[in-house]
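Listed below are the residues making up each chain.
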Amino acid sequence: MEDGFETVALTGNPNAGKTTLFNALTGSTAKVGNYAGVTVEVKTGHTFTPHGRKLQVIDLPGCYSLEGGSPDQQVARRTLLGEIEGSKRPDLAICVVDASNLERHLILAMEIMEIGIPVILALNMVDLAERSGLRLDPQKISEELGIPVVPMQANSGKGIIELKQAIQHPIPPTASTPWTSKDDPAAARRKTAYAICEIAARRPTTHTTTLSDKLDALFLHPILGWFFLIGIMLAVFWSIFSWAGIPMGWIESAQGWLERLVENAMAEGDLRDLITGGIIGGVGSVIVFLPQILMLFFFIGLLESSGYMARAAYIMDGLMSKVGLSGKAFLPLLSSFACAIPGVMATRTIDSAKERLVTIFVAPWMSCSARLPVYLLLVPMLLGGSEGGLTQALVLTAIYVLGTLTAFIAAKILRRRLGPDEGVHHFILELPPYRAPQWSYIFRHVADRGWAFVRKAGTVILGLMILLWAAQTYPKTDSEDPAEQLDHSIVGRISHVIEPVVRPMGFDGRTGTAILTSFAAREVFVGSMAQLFHVDESDDDAETRSNLRQTLAQQTWPDGSPMFTPLTVISLLIFYIYALQCLPTSAVVARESGSWKWAVGQFFFMSIFAAAASLTVYQVGSLLRF
Amino acid sequence: MPQALTNDLETDSLQSLAQATVGCDFHIRMLEGPACDQLRRLGFCETMQVRKLANGRNMICTVCGTRMALSRDLADQVKVSPIFP
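In this report, the structure presented in the accompanying data block is examined. (Residues numbered from 1 in each chain as written. Chains lettered and ligands numbered in written order. Predicted model: local features only at pLDDT ≥ 70, side-chain atom pairs only at ≥ 80, totals over all residues. Heavy atoms only, no water.)

### Quick notes on the pairing of strand S2 (residues 25-31) of chain B
Residue and element names in this part refer to chain B. Inspection of the sheet shows S2 paired to strand S3 (residues 49-54) by three bridges, in the antiparallel sense. Along S3, the bridge assignment pairs histidine 27 with glutamine 49. Looking at chain direction, S2 and strand S6 (residues 78-82) are connected through five bridges and run antiparallel. In the sheet register, phenylalanine 26 faces S6, and the bridge partner there is proline 82. (Pairing = 2+ DSSP bridges. Helix = DSSP H or I, 4+ residues; strand = E, 2+ residues; numbered from the N terminus.)

Below is the structure:
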């Protein structure tokens with residue numbers, strides 16, 4: 001926490017709208033979703049009161065109570081109690097409560113008042129509460145609790161000014177807590193909260209069927225629910241595979257135009273080769289997959305924001321229990337399809353420590369977006385070279401299913417080895433009402449992820465591409481034959497060393513070198529292959545990618561047999577499904593599991609498993625003359 | 001009728017949320033089991049009204065205006081009595 005500013009903590013039950021309010025107050029773009037547990041760590045930002053006073057705002061993970069709970073909830077409790085080293089207790093707490101659910105949410109606000117922190121109650125989502133027939137009286141709640149109460153709709157910005165006005169300076173002292181009881185404090189709080197709700201938040205006596213009821217009858221149906229889940233996942237992958245072709249074409253056209261520009265402006269030589277072949281060609285071959293990655297994040301954002309994600313967790317709980325996990329592990333695993341890093345962090349919502357460790361261990365086997373460029377290059381090779389269509393979407397889905405199934409089997413074995421939990425953990429999950437997606441946040445989140453990908457392409461991938469170009473250009477020979485030049489270069493020499501290792505998996509030395517370069521970042525594989533196999537760039541939209549496939553398809557072994565047979569492509573795909581080639585993920589795993597041993601063990605296990613699986617597939621396939 | 005006997009009869013007539021009929025409203029009368037505190041924190045408290053929405057491996061119900069999915073083990077610890085219209 002920074003000194004000099006007063007600190008305002010945003011706290012409340014999970015899925016009450018804290019992060020939405022945090023973003024509205026601070027102008028941040030922190031991720032929001034419509035399910036409990038989106039925020040798993042403390043986020044900070046700044047805001048100003050109407051009088052111009054700067055305040056530090058901290059967004060805490062949701063918690064039901066200041067007692068116990070999962071790791072993310074403990075972070076919230078410890079921050080409020082001032083137990084986090086290097087940070088002071090907040091000067092003020094804005095307790096964000098869901099107006100539809102005051103009986104439960106008020107209890108946390110009362111607990112915070114009891115520990116001596118001044119509280120403002122942000123009565124969020126009043127529109128939804130009143131639409132459900134709840135008769136709210138914010139003035140009465142304020143009188144009963146003795147604290148300011150601000151009705152608001154954080155997602156549309158309503159009530160933000162009133163909330164800022166309520167943050168007075170100097171911050172008033174803590175309100176009295178007359179309900180406090182030494183015998184049974186929890187019961188005393190509940191009794192007071194219910195009494196307040198009786199007079200200030202009265203519910204309709206009759207149950208009216210809502211849209212969420214009607215949708216849940218379909219989405220949570222024991223049979224239809226599975227059809228919807230599978231259908232939605234299939235539609236997502238099909239859309240990614242089919243719709244992204246147009247923007248990919250634009251990127252390729254821009255790349256071709258840029259290369260021609262450099263070729264026309266510069267004299268022939270190593271520098272021109274570096275810029276066109278190394279930088280533009282290498283980085284461009286990775287950037288071209290940006291549309292698919294953006295679409296994947298968009299669809300996951302849509303599922304989170306609409307409220308469907310929690311339903312998917314409910315549907316999956318039965319299946320997950322068969323491998324020793326609960327439905328709660330499904331949300332981190334599904335997030336890992338976009339990126340394993342937020343997925344690993346999202347495991348903080350899991351109560352059981354052993355289940356959490358197992359989920360962290362298997363999360364990287366959920367095929368993340370960085371693998372997508374590799375799959376998108378290889379899958380069409382398997383199906384005859386053309387791009388798009390339902391068959392390829394089905395193959396892509398099968399790849400994702402294979403990674404997931406293997407993760408489940410590994411989870412089952414690991415869960416059994418770790419033994420039973422010390423305490424009993426039951427499945428309990430809040431199913432938020434369905435809401436219209438918050439488009440602005442989805443698009444901002446997608447833009448953030450897209451920028452992160454572009455930044456990575458401009459730094460790590462660019463660096464690797466330059467190194468790779470240099471390694472295959474130097475030392476030079478007098479020969480004009482590119483094959484001889486490559487053979488003489490550093491890459492050629494590395495290839496010779498690697499080839500005996502990767503040959504039993506069906507790969508030559510160049511493919512082995514491309515795999516080696518992708519241990520820093522998986523997506524580098526595509527650019528490395530394009531460079532190592534000297535692929536010609538083209539003006540046509542899909543032609544460059546198609547050129548790489550054609551070039552690979554034309555490669556032969558010294559005996560004249562084709563190098564990239566369907567079996568080789570499958571072997572390569574298998575390797576990329578299982579290998580853990582992401583250093584940032586290993587760093588996050590070390591942090592979340594509290595041990596580098598766990599992260600290093602995971603890296604070696606997954607790398608060896610990937611190589612063994614690839615080897616087995618290739619050797620068995622060869623024996624069967626596949 | 002003595003008070004103690006009335007209480008016994010009332011307790012005997014209670015059913016667990018796991019046994020309760022789908023689509024009906026109930027009053028939560030008692031919480032019995034090791035997860036009582038966890039349930040109370042989530043809004044399953046004595047005197048609250050609960051509506052059971054679905055059966056299965058995990059029950060779905062509405063309590064305090066929130067839809068919750070909870071395991072059969074937990075639902076067994078919530079003792080309810082029906083609300084007659």
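Once you've had a look at it, read on.
### Thoughts on the side chain of serine 586 of chain A
If you trace the backbone, serine 586 of chain A turns up in helix H26 (residues 583-593). If sequence neighbours within four positions are ignored, serine 586 of chain A has contacts with Leu580, Trp596, Ala599 and Phe603 of chain A. (Contact = heavy atoms within 4.5 Å.)

### A few points about the state of the cysteines
Enumeration over the complete set of coordinates arrives at zero disulfides over all chains. Note on cysteine 95 of chain A: no disulfide assigned, nearest cysteine sulfur contributed by cysteine 63 of chain A at a separation of 8.4 Å. Accessibility expressed as a relative area gives 1% for cysteine 95 of chain A, which makes it buried. Left unpaired, cysteine 36 of chain B is separated from the closest cysteine sulfur, that of cysteine 45 of chain B, by 10 Å. (Disulfide = S-S within 2.5 Å. Buried < 20%, exposed > 50% of the residue type's maximum accessible area, 1.4 Å probe, protein only.)

### Things to note about the interface of chain B and chain A
The partner chain A presents 27 residues to the 29 residues of chain B that form the contact. Both sides of the chain B and chain A interface together cover about 2400 Å² of buried area, and 56% of this is carbon and sulfur. Seen at the junction of chain B and chain A, the total is three salt bridges. Applying the counting criterion to the chain B and chain A interface returns twelve residue pairs in polar contact (both at pLDDT 80 or more). In terms of residue class, the side of chain B that touches chain A is made up of 13 nonpolar, nine polar and seven charged. Alignment of strand S9 (residues 428-431) of chain A against strand S5 (residues 66-71) of chain B, held across four bridges, turns out to be antiparallel. Within S5 of chain B, the position partnered with leucine 429 of chain A by the bridge is alanine 69 of chain B. (Buried area = accessible area lost by both parts, 1.4 Å probe. Salt bridge = Lys/Arg side-chain N within 4 Å of Asp/Glu carboxyl O. Polar contact = N/O pair within 3.5 Å; in protein donor to acceptor, adjacent residues only side chain to side chain. Nonpolar A, V, L, I, M, F, W, Y, C, P; charged D, E, K, R; others polar.)

### Thoughts on the packing of helix H5 (residues 138-145) of chain A against helix H7 (residues 185-200) of chain A
Residues and elements named next belong to chain A. At a minimum axis distance of 9 Å, the contact between H5 and H7 shows a crossing angle of 150°. Judged by the angle between their axes, H5 and H7 are roughly antiparallel. With respect to the hand of their crossing, H5 and H7 are arranged in right-handed fashion. Contacts from Lys140, Ile141, Glu144 and Leu145 of H5 reach H7 at Ile196, Ile199 and Ala200. (Axes fitted to C-alpha atoms, helices over the stretch in contact; angles between N-to-C directions. Parallel < 35°, antiparallel > 145°, perpendicular 65-115°, else oblique. Left-handed = near helix turned anticlockwise from the far one by under 90°.)

### Thoughts on the side chain of threonine 47 of chain A
All names here are of chain A. Mapped onto the elements of the fold, threonine 47 is located in strand S2 (residues 43-48). By relative accessible area, threonine 47 is classed as buried at 3%. Within the structure, threonine 47 has its side chain in polar contact with the backbone oxygen of leucine 25 (distance 2.9 Å). Beyond its immediate stretch of four places on either side in the chain, threonine 47 contacts Leu25, Arg53, Lys54, Leu55, Val57 and Lys164.

### Quick notes on the packing of helix H25 (residues 566-578) of chain A against helix H27 (residues 596-623) of chain A
Residues and elements named next belong to chain A. Close contact between H25 and H27 brings their axes to 8 Å; oriented N to C, the two are set at 160°. When the axis of H25 is compared with that of H27, the two are roughly antiparallel. H27 is crossed by H25, and the crossing has right-handed handedness. Packed against H25, whose contacting residues are Leu567, Thr568, Ile570, Ser571, Ile574, Phe575 and Tyr578, the element H27 presents Met606, Phe609, Ala610, Ala611, Ala613, Ser614, Val617, Tyr618, Gly621 and Ser622 at the interface.

### Some points on empty space enclosed by the protein
Remark: the empty space left among the atoms is shown by a probe the size of a water molecule rolled over them. Residues and elements named next belong to chain A. Using the criterion set out here, one finds four cavities of 30 Å³ or more in the structure. Roughly 70 Å³ of volume is contained in the second largest cavity. Met233, Val236, Phe237, Leu296, Ile300, Leu303, Leu334 and Phe337 are the residues that line the second largest cavity. Elements represented by at least two residues in the lining of the second largest cavity include exactly helix H9 (224-243) and helix H12 (290-306). Split by residue class, the lining of the second largest cavity holds eight nonpolar, no polar and no charged. (1 Å grid on protein atoms, 1.4 Å probe; cavity = no way out; pocket = protein on both sides within 12 Å on 5 of 7 lines; lining within 4 Å. Points joined across faces, edges and corners; volume = space filled by probe spheres on them.)

### Focus: the sheet that holds strand S4 (residues 92-98) of chain A
Residue and element names in this part refer to chain A. Ordered by their spatial adjacency, six strands build an open sheet running S2-S3-S1-S4-S5-S7, and the pairing between neighbours is mixed. Lying at the two open borders of the sheet, with one neighbouring strand each, are S2 and strand S7 (149-152). With strand direction ignored, the average angle separating the axes of adjacent strands in the sheet is 25°. Bridge analysis of S2 against strand S3 (residues 54-59) gives six bridges, and the strand direction is antiparallel. The residue of S3 that forms the bridge with histidine 46 is glutamine 56. Contacting strand S1 (6-12), S2, S3, S4, strand S5 (119-124) and S7, helix H1 (residues 18-26) crosses the sheet at an angle of about 45° to S2.

### A look at the sheet that holds S6 of chain B
Strand order in this open sheet of seven strands is S9(A)-S5(B)-S4(B)-S3(B)-S2(B)-S6(B)-S1(B), and the pairing throughout is antiparallel. With one partner strand each, in any of the chains shown, S9 of chain A together with strand S1 (15-16) of chain B form the two edges of the open sheet. Here two bridges tie S1 of chain B to S6 of chain B, and the two strands are oriented antiparallel to one another. Bridging from a neighbouring strand, serine 16 of chain B pairs with lysine 79 of chain B of S6 of chain B. Here helix H13 (residues 308-321) of chain A sits on the sheet in contact with S9 of chain A together with strand S4 (58-63) and S5 of chain B, set at roughly 145° to S9 of chain A.

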